[in-house]
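# Architecture at a glance
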Protein chains: 2
Amino acid sequence: MFEQEWMEKTKRIDEVIATYLKEEKGPQRTVIAAVNYSVKAGGKRLRPLFLVESNVFCGGEGINNPLVCAFSAALELIHTYSLVHDDLPAMDDDMYRRGNLTTHAKYGEAMGILAGDALLNGAFEIVGEALDRETDAGRLRAGAKALAILARKSGMYGMLGGQVVDVEKTGRPMKAHELDFVYQLKTGALLEAAMMIGAVLEGAREEKVGALEEVAAAVGMAFQIQDDILDVTSSEQVLGKSVHSDEKNHKTTYVTLYSMEQARAQVKQLSDRAKRILDNIDGDGEFLKALIEALVERKF
Amino acid sequence: MFEQEWMEKTKRIDEVIATYLKEEKGPQRTVIAAVNYSVKAGGKRLRPLFLVESNVFCGGEGINNPLVCAFSAALELIHTYSLVHDDLPAMDDDMYRRGNLTTHAKYGEAMGILAGDALLNGAFEIVGEALDRETDAGRLRAGAKALAILARKSGMYGMLGGQVVDVEKTGRPMKAHELDFVYQLKTGALLEAAMMIGAVLEGAREEKVGALEEVAAAVGMAFQIQDDILDVTSSEQVLGKSVHSDEKNHKTTYVTLYSMEQARAQVKQLSDRAKRILDNIDGDGEFLKALIEALVERKF
């Protein structure tokens, strides 16, 4: 039941995102192709999903609101750009992601940089166009607030800040507070943006937006720790990517810093916390709670 | 007189830009330092200057309007990010710019990529914050239009599109229409954004915005052709950067495609065209016209 619903919602989000992709023509068609390739490489579309569901949770129309669609696609483009740039030779130097060639491996390094730039810029093109088209003054005001959140959570004080520290600490052991900083920003910040924007676009009050930000922060952290656990316990076949890579790369993770048992307890505690906060907010949180459970209990 | 005025205006714009720079502290301080270094490396601040002056030309308050300040700084950050990424080893591989180490040469390649990302993202943080703070509904609406222009002119159908073709054609001769495409987008697009945004923020009508877009397009093209001419005729001492670099790199330029004489005639024609359009629009265009003349007749 839930799995079916999840699949259908993801499919609808995929359709929404596809409407924002450009035709691969004109002198700049290579970068358009590289952008489309990067976006179509797939993934769980979690950030758009959380944005849409947070909006619905707050009483909004979800993907029937053009601004919800625009911000969802923008968020996915920003997530995608971060992966494309992370994979570059000067960063993680990865040739494959989810079994496919990474963008720079397929299109060359220069085009990998430019495709990432085009994705990040493209996110704000989508939002700019949607805001410019919005005729309702109240919605425009909410959209401006959502833009501020999107940009802040993506930047130096959000996702990018986490990436910076992650890059600087590569090959060196991290302290607990440094690892928390990286996880909170690198994974958490865009999930926070998703749930906050979903709420803000429905005109939710600051308190509610703050509570949903906390939910997202807990989910992001739990998701990341679960990633650390799966890297140790899963198999390449189930996970769809190489396992034991953290150990090989001497990476500090929740499992190396604490113990497997403590890491598992932490995931449980964070997901319980997220669900408890949701229970205290008005709204039908059944799907969101099931989604959070599915994510933190995932085997893949 | 004019030189003095120009210098003072540039100084005020530098002060405006400085207000948007962040303190170099926190775990992500390296990227903040790299961003600040890149922005402070200087330059003529032409894009902010054209934005402010276009706004004043349309009857606006210039840098006394917070949205004008925000968009001016954003535009300079976008210009700066494009230089930082252009200088990367996978692109032009430049170690120096204006006599200083380029960002990646000073901070490493990974941080060069991330600083560029932070600059691009930061531009939209500045705009997002300013729009979120704007209390006047009409100004907010104008701001949304300006955001749409800024994002479009920076992206695949603007500056970035020109950069893509430039990268793909490196080391290969370009046809005239390809060179025009690169110049129009790589140099022209952000100047167009500047003059359009300046006008839009003052609520200028579509016709006027379009006319100023044409002025900027002509100025951008003239400026770029003048660059080609100076690369042949100037000395390293006067220009502050290496000359004859186009010849060494077998680059197609207006001088190689046409002749020196034709290139000079083209610059003259374009700058006359820009001034003629300005003369046909209501407003005091004296400073703008003097600025255009100074730029296309520059020796440096």
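Worth saying up front: this structure is predicted, and the values here are computed from it rather than measured.

Cut-offs and rules
Residue numbers run consecutively from 1 along every chain, following the written order of its sequence. Here the convention is simple: chains get letters from A, ligands get numbers from 1, in the order in which they are written. Whole-chain, interface and lining totals are the exception, using all residues; otherwise, since this is a predicted model, local features are given only for residues with pLDDT of at least 70 and side-chain atom pairs are given and counted only at 80 or more. With hydrogens and water set aside, each side-chain value is computed from the structure's full complement of heavy atoms. The copies are overlaid by a least-squares fit using only the C-alpha atoms of residues whose pLDDT is at least 70 in both copies. Working rule for contacts: check all heavy atoms of both residues, and any pair within 4.5 Å makes them a contact. Each of two parts loses accessible area, computed with a 1.4 Å probe, when they are put together; buried area is these two losses added. Whenever Lys or Arg places a side-chain nitrogen within 4 Å of a carboxyl oxygen from Asp or Glu, that contact is recorded as a salt bridge. Only the stretch in contact is used when fitting a helix axis, every axis being a line fitted to C-alpha atoms; angles between N-to-C directions are given from 0 to 180 degrees. In this text, helices come from DSSP runs of H or I with a minimum length of four residues, and strands from runs of E with a minimum of two, each type numbered from the N-terminal end. Roughly parallel here means an angle under 35 degrees, roughly antiparallel means over 145, roughly perpendicular means 65 to 115, and every remaining angle is called oblique. Burial classification: accessible surface area is computed with a 1.4 Å probe over protein chains only, and a residue below 20% of its type maximum counts as buried, one above 50% as exposed, and the rest as partly exposed. The sense of a crossing depends on the near helix, which, turned anticlockwise from the far helix by less than a right angle, makes the crossing left-handed and, turned clockwise, makes it right-handed. In this classification, Asp, Glu, Lys and Arg are treated as charged, Ala, Val, Leu, Ile, Met, Phe, Trp, Tyr, Cys and Pro as nonpolar, and every other residue, Gly included, as polar. For this analysis, a polar contact is any N or O atom pair within 3.5 Å, provided that within protein one partner can donate a hydrogen and the other can accept it, and provided that sequence-adjacent residues contribute only side-chain to side-chain pairs. We call a set of buried Ala, Val, Leu, Ile, Met, Phe, Trp, Tyr and Cys residues a nonpolar core when their side-chain atoms join them within 4.5 Å. Given the number of residues in a helix, its expected span is that number minus one, multiplied by 1.5 Å. What the arc covers is the set of directions going from the helix axis to the C-beta atoms.

Superposition of chain B onto chain A requires a rotation of 180 degrees combined with a translation of 0.0 Å along the rotation axis, giving an RMSD of 0.0 Å. The relationship between the two copies is best expressed as a two-fold rotation axis. By residue overlap, the copies meet face to face through one surface: 100% of the interface positions of chain B are interface positions in chain A.

This brings us to the interface of chain B and chain A. Counting from both sides, the interface comprises 53 residues of chain B and, opposite them, 53 residues of chain A. Across the chain B to chain A interface the summed buried area is about 4600 Å²; carbon plus sulfur atoms make up 70%. Three residues, B:Gln28, B:Arg141 and B:Met156, lead the burial of chain B against chain A; their summed loss comes to 13% of the area buried on that side. Inspection of the region where chain B meets chain A yields two salt bridges. A salt bridge links B:Lys145 to A:Asp132, with the nearest nitrogen and oxygen atoms 3.3 Å apart.

Moving on: the packing of helix H1 (residues 2-19) of chain A against helix H3 (residues 46-57) of chain A. All names here are of chain A. As a packed pair, H1 and H3 sit with axes 10 Å apart at the nearest point and diverge in direction by 105 degrees. Considering the angle they form, H1 stands roughly perpendicular to H3. Note on element contacts: H3 touches H1 through Leu46, Pro48, Leu49, Val52 and Glu53, opposite Trp6, Lys9, Thr10, Ile13 and Ile17.

All names here are of chain A. Non-glycine residue Arg45 carries a positive phi angle of around 55 degrees. With respect to the element layout, Arg45 can be found in the loop between helix H2 (29-40) and H3. Judged by relative accessible area, which is 5%, Arg45 ranks as buried. Even without glycine at this site, Arg98 takes up a positive phi of about 50 degrees.

Residue and element names in this part refer to chain A. Two elements in contact, H3 and helix H9 (residues 176-200), have axes whose closest approach is 7 Å; the angle formed by their N-to-C orientations is 30 degrees. If you check the angle between H3 and H9, you find them roughly parallel. Relative to H9, the crossing made by H3 is right-handed. From H3, Arg47, Phe50, Leu51, Ser54 and Asn55 reach across to H9, where they touch Leu190, Leu191, Ala194, Met195, Ile197, Gly198 and Ala199. Class assignment of the residues belonging to the contact of H3 with H9 gives a composition of eight nonpolar, three polar and one charged.

Looking now at helix H8 (residues 159-168) of chain B. Taken across its 10 residues, H8(B) has eight buried, putting it largely inside the fold. Among all positions in H8(B), only B:Met159, B:Leu160, B:Gly161, B:Gly162, B:Gln163, B:Val164, B:Val165 and B:Asp166 are buried.

Residue and element names in this part refer to chain B. Mapped onto the elements of the fold, Arg298 is located in the segment after helix H15 (286-296). Among the residues examined, Arg298 registers a relative accessible area of 3% and is labelled buried. In sequence terms Arg298 and Phe223 are 75 residues apart; their C-alpha atoms lie 9.1 Å from each other. Those residues within four positions of Arg298 in sequence are excluded, and the remaining contacts are Phe223, Gln226, Asp227 and Leu230. Engagement of the side chain of Arg298 in a polar contact is seen with the backbone oxygen of Leu295, the distance being 3.1 Å.

Let us now look at the nonpolar core. Core analysis: the largest hydrophobic core is formed by 200 residues, its most contacted members being A:Val31, A:Phe50, A:Phe124, B:Val31, B:Phe50 and B:Phe124. B:Val31 has contacts with A:Met156, A:Leu160, A:Val164, B:Met111, B:Leu114, B:Ala115 and B:Ala118, leaving out every residue within four places of it along the chain.

Residue and element names in this part refer to chain A. Here Asn65 shows up in the loop between H3 and helix H4 (66-86). A distance of 3.4 Å separates polar atoms of two side chains, one belonging to Asn65 and the other to Arg139. Ignoring any residue separated from it by four or fewer positions in sequence, one finds Asn65 in contact with Arg139 and Leu201.

Take helix H14 (residues 260-279) of chain B next. Since the α-helix packs 3.6 residues into each turn, any two residues three or four apart lie on the same face. Residues and elements named next belong to chain B. In this model, H14 (20 residues) spans 29 Å end to end at C-alpha, consistent with the 28 Å of a helix rising 1.5 Å per residue. Considered for burial, the residues of H14 that qualify are Ala263, Val267, Leu270, Ser271, Ala274, Lys275, Ile277 and Leu278. Down the axis of H14, the smallest arc covering the buried residues is 165 degrees, so these residues share one side. Turned more than 90 degrees off the buried face of H14, the exposed positions are Glu261, Lys268, Gln269 and Arg276. As for H14, its buried residues are in contact with helix H3 (46-57), helix H10 (206-233), helix H13 (254-257) and H15.

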